[in-house]
Amino acid sequence: MFGLRRPKPRAPARQLQVSPAKGGAPIAVTLRRNHRARRLVLTVDPGGGAAALVIPPYVSIGEAQAFLDSRAEWLERRMKSLPPRVVFADGAVIPFLGATLRLSHAPDARGTAWREADALRVAGDPRHLPRRATDWLKRFARDEFARLAAEKASALGKPAPRVSIRDPKRQWGSCARDGTLRLSWRLVLAPSEVADYVIAHEVAHLAEMNHGREFWAAVARLTPHMSQARLWLRRHGRALLRYG
Ligand SMILES: [Zn+2]
């Protein structure tokens, strides 16, 4: 579909429908049989908003349907509580390090994407706009976060770490055993204090591979925004997954 990422090809999955208690459009739920599953697990993807049900091998389709019907109200509430989806398209305004960027299609221009004041200009076929805008944001994140990580690592007397930009669903950053920092590109959509904290957190793991007292003391030395940023992520983090 236009403006959405193309899904990876995969065996067609079976879907069940759940009708909301108070009427309204039925909700499609993708079934995933898992031979290791011990119970039925219903989830809603915080990014795409798709519902999925994992079922153990011994559970029948009828039993899965009955389980879903019993959870209809929960599922409906869960879907409604998702932050609004913001598709990357011409004219969309997206948050960017505490300010905003307006996505602006430049059909006749050469190149891919570039920043012009508070606009992100994107050249070429409009079908490529979402990907090109995302690529620009990822590149920006890589450069900016690598710079910040190097600065903070040097404050701990450590060499600049390798920074890898990802799109994880459940964590904003992580620090691998080999010292590589993995960071979500979506942090560029949050106020700059938030990325500053997440990077400080992961850099502090270069010195302390735990969440003990020494670790938090190191984080506090590397950023003045710790408590404010943690609160922001708890309150608004989910919304970052709804862009693009
Ligand atoms: Zn940690």
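Structure shown above.
Residues numbered from 1 in each chain as written. Predicted model: local features only at pLDDT ≥ 70, side-chain atom pairs only at ≥ 80, totals over all residues.

## Description of the sheet that holds strand S1 (residues 15–18)
Next up, step 1: What the 4 strands build is an open sheet, ordered S1-S2-S4-S3; its pairing is mixed. A strand with exactly one partner marks an edge of an open sheet, and here the two such strands are S1 and strand S3 (41–44). The mean inter-strand angle of the sheet, taken between neighbouring strand axes irrespective of direction, is 30°.
Next up, step 2: Bridge count for S1 against strand S2 (residues 27–33) is 4 bridges, and the pairing is antiparallel. Looking across to S2, one finds that Gln-15 is bridged to Thr-30.
Next up, step 3: Most of the contacts of helix H1 (residues 61–70) go to S1, to which it runs at about 35°, and overall it touches S1, S2 and strand S4 (51–55). (Pairing = 2+ DSSP bridges. Helix = DSSP H or I, 4+ residues; strand = E, 2+ residues; numbered from the N terminus. Axes fitted to C-alpha atoms, helices over the stretch in contact; angles between N-to-C directions. Contact = placed C-beta atoms within 7 Å.)

## Thoughts on the environment of Ala-13
Next up, step 1: As for its placement among the helices and strands, Ala-13 is situated in the segment before S1.
Next up, step 2: Residue class for Ala-13 comes out exposed when judged on the 10 C-beta atoms lying within 10 Å of it.
Next up, step 3: Here the alpha-carbon distance between Ala-13 and Arg-33, two residues 20 residues apart in the chain, equals 9.6 Å. (Buried ≥ 20, exposed ≤ 12 C-beta atoms within 10 Å, placed from the backbone.)

## Let's talk about the nonpolar core
Next up, step 1: Counting residues in hydrophobic clusters, the biggest one holds 40 residues, and the most contacted among them are Ala-133, Leu-187 and Ile-199.
Next up, step 2: When contributions to this core are tallied by element, the ones reaching two or more residues are strand S6 (99–106), strand S8 (119–123), helix H3 (129–155), strand S9 (163–166), strand S11 (181–184), helix H4 (192–207), helix H5 (213–222) and helix H6 (226–240).
Next up, step 3: The element best represented in this core is H3, accounting for 9 residues.
Next up, step 4: With residues near it in sequence (within four places) discarded, Ile-199 still touches Phe-145, Leu-148, Ala-149, Lys-152 and Leu-183.
Next up, step 5: Ranked by size, the runner-up nonpolar core spans 7 residues in total, among them Val-18, Ala-51, Ile-55 and Ala-64. (Core = buried A, V, L, I, M, F, W, Y, C linked by C-beta atoms within 7 Å.)

## Structural notes on the packing of H3 against H4
Next up, step 1: Closest axis-to-axis distance for the H3/H4 pair is 9 Å, and the angle between their directions is 50°. Regarding the angle of H3 to H4, the classification is oblique. In terms of crossing hand, the pair formed by H3 and H4 is right-handed. Packed against H3, whose contacting residues are Phe-145, Leu-148, Ala-149, Lys-152 and Ala-153, the element H4 presents Ala-195, Asp-196, Ile-199, Ala-200, Val-203 and Leu-206 at the interface.
Next up, step 2: Across the contact of H3 with H4, the residue classes tally to 9 nonpolar, no polar and 2 charged. (Parallel < 35°, antiparallel > 145°, perpendicular 65-115°, else oblique. Left-handed = near helix turned anticlockwise from the far one by under 90°. Nonpolar A, V, L, I, M, F, W, Y, C, P; charged D, E, K, R; others polar.)

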